[in-house]
Amino acid sequence: MSEALKDSTGAPVRVDLDEQGQSYVITVEDEKVAGHAYFLPGPEAESERIFYHTVVDEAFGGRGLSKVLLAQALADSREKGVTVVPVCPLFVKKLNETGDDYVAEGGRFRKATGADIDLVKREA
């Protein structure tokens, strides 16, 4: 999944899917984990991901890592035909701003329902 990605300083970074940990993980130099975009399987477990929390360690702040992480999580979801359900404010904002483009590129997303929020509260 990881292509040649760079942060805002030009340093190489990598984003990988951790299926077991239910997150996309961004790593920086020397394979240091800098952040995660966490998700839960949605009601349609095989075809939906509820993104509920994104975090980048403050030691790596100011490098644009959350933008890279979000972009790669959305791109991978699009490529796999997974519907994105944004609960995390970063995902909500991104899809509010660029959702039409995401759909035009073949991505799918839907707004979170009360049942989705309840699932996050129970499982996350």
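Quantities reported herein were computed from a predicted structural model and do not represent experimental measurements.

J.: An account of the environment of Val84 is needed here, citing residue identities and associated values.
T.: Structurally, the position occupied by Val84 is in strand β6 (residues 83-86). Through-space distance from the C-alpha of Val84 to that of Glu105 is 14 Å; in sequence the pair is 21 residues apart.

J.: Got a sec to walk through the nonpolar core? Specific residues and values, please.
T.: With 22 residues, the main nonpolar core has Tyr24, Ile26, Phe51 and Phe91 as its most contacted residues. Secondary structure elements with two or more residues in this core: β2 (12-18), β3 (23-28), β4 (32-41), α1 (65-79) and α2 (89-104). At six residues, the largest contribution of residues to this core is made by α1. When residues no more than four places from it in sequence are discounted, the contact partners of Phe51 are Tyr24, Ala37, Tyr38, Phe39, Ala73, Ser77, Val84, Val85, Pro86, Val87, Cys88 and Phe91. Grouped together as the second largest cluster of nonpolar side chains are five residues, Leu40, Ile50, Val85 and Leu119 included.

J.: Describe the side chain of His36, listing the residues and the values that go with them.
T.: Along the chain, His36 falls in strand β4. Among the polar contacts made by the side chain of His36, one reaches the side chain of Ser23 at a distance of 3.2 Å. Those residues in contact with His36 that lie beyond four places of it in its chain are Ser23, Tyr24, Val25, His53, Thr54, Val55 and Leu69.

J.: Let's hear about helix α3 (residues 114-123): which residues, and what values?
T.: For α3, the complete set of buried residues consists of Asp116, Leu119 and Val120. Seen from one end, α3 has its buried residues packed into an arc of 100 degrees, which puts them on one side. Along α3, exposed side chains directed more than 90 degrees from the buried face belong to Ala115, Lys121 and Arg122. Check the buried side of α3 and you find it contacts β4, β5 (48-56) and β6.

Cut-off values and rules
- Residues numbered from 1 in each chain as written.
- Predicted model: local features only at pLDDT ≥ 70, side-chain atom pairs only at ≥ 80, totals over all residues.
- Heavy atoms only, no water.
- Helix = DSSP H or I, 4+ residues; strand = E, 2+ residues; numbered from the N terminus.
- Core = buried A, V, L, I, M, F, W, Y, C linked by side-chain atoms within 4.5 Å.
- Buried < 20%, exposed > 50% of the residue type's maximum accessible area, 1.4 Å probe, protein only.
- Contact = heavy atoms within 4.5 Å.
- Polar contact = N/O pair within 3.5 Å; in protein donor to acceptor, adjacent residues only side chain to side chain.
- Arc of directions from axis to C-beta.

In short, shape yes, function no, at least from these values alone.
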